[in-house]
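# Remarks on the overall topology
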Amino acid sequence: MRPNLIIFSLVVAILSGCGLIPRTGEPSTALQIADAMNIPAKDMSREHYNKLLEKSGDSSVNVDSMVAGALSLDPAMIILGGLASPPPSKMVQVVAWVPVSEAATGEEAVKLVENINKRIIRSFYDENLSDQDFQEKYLKPKVIGLPYGDLGFKSPVQLFQLMSGYVPKLQQAPSFMQAQEKVWGPLYLGAIVGGKAVDSYSEAAPKWVYIYDPGKYKERPRAIYNKGRSELFVEPD
């Protein structure tokens, strides 16, 4: 493993693990997925969430804004944000773990997610563009093996993957996927998607594609989306 990638992994582990923010109890599904994405995150207690819900008068819009505001105070977000602008935790991350039944090789997995990403993003625009022009205008980011965003160290690994391409290795599927077969990944798609489009993208994407949304204050909470379902960073009951 390259030195810069080791440093990045250590920083993520410190910020999202036991060193800075000790974890107790069972993590939410959202937090499990964020960990697999290498995105620093933290759960809110169910008690705190319920208090916010009560104060909001059961209004989903108000709840979303209050939860987003509370989550934005996550110490990991503040510290990592001080190292870079914007860090991966402040960006939408579209991440795939491609089952081996869908792609026989890492190269095929990359090609598959590129085609899926192009199809979904293209459906958001009513423009008569050739595939090449559409690629140039909307799909310049490539599939890589690290989160998109400034990693704080001006990562040469990330730059190398953007320039030369990336081929994932076969690995055991993350536990939250509840899959028996192995997967290629994680693959970061670099999709241009945000706001309400996150929901539409997750509904259109295969079930092995997950979206981390940092949320937006007064609009929506930080969450993970998968097949139209949102998972909040709230401790499970």
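Everything below is about the structure shown above.
Rules behind the numbers
Residues numbered from 1 in each chain as written. Predicted model: local features only at pLDDT ≥ 70, side-chain atom pairs only at ≥ 80, totals over all residues. Heavy atoms only, no water. Buried < 20%, exposed > 50% of the residue type's maximum accessible area, 1.4 Å probe, protein only. Helix = DSSP H or I, 4+ residues; strand = E, 2+ residues; numbered from the N terminus. Pairing = 2+ DSSP bridges. Salt bridge = Lys/Arg side-chain N within 4 Å of Asp/Glu carboxyl O. Contact = heavy atoms within 4.5 Å.

Regular strands show a simple pattern: their side chains alternate between the two faces of the sheet. Extensive coverage of strand β3 (residues 183–188) is indicated by the burial of 6 of its 6 residues. Bridge count between strand β1 (residues 93–99) and β3: 4 bridges; the pairing is antiparallel. Bridged to Val95 within β3 is Tyr188. Sheet topology note: the strand β2 (residues 170–171)/β3 ladder contains 2 bridges and is antiparallel. By the bridge assignment for β3, Gln171 is matched with Val183.

With that out of the way, let us pick up the pattern of salt bridges. For the structure on display, the rule yields 1 salt bridge. Between Glu231 and Arg229 there is a salt bridge, with its nearest N and O atoms 2.9 Å apart.

Mapped onto the secondary structure, Met91 falls in the loop between α5 (75–83) and β1. In this structure, the C-alpha to C-alpha distance between Met91 and Val193, residues 102 residues apart in sequence, is 9.9 Å. Those residues within four positions of Met91 in sequence are excluded, and the remaining contacts are Pro86, Tyr148, Gly149, Tyr212 and Pro214.

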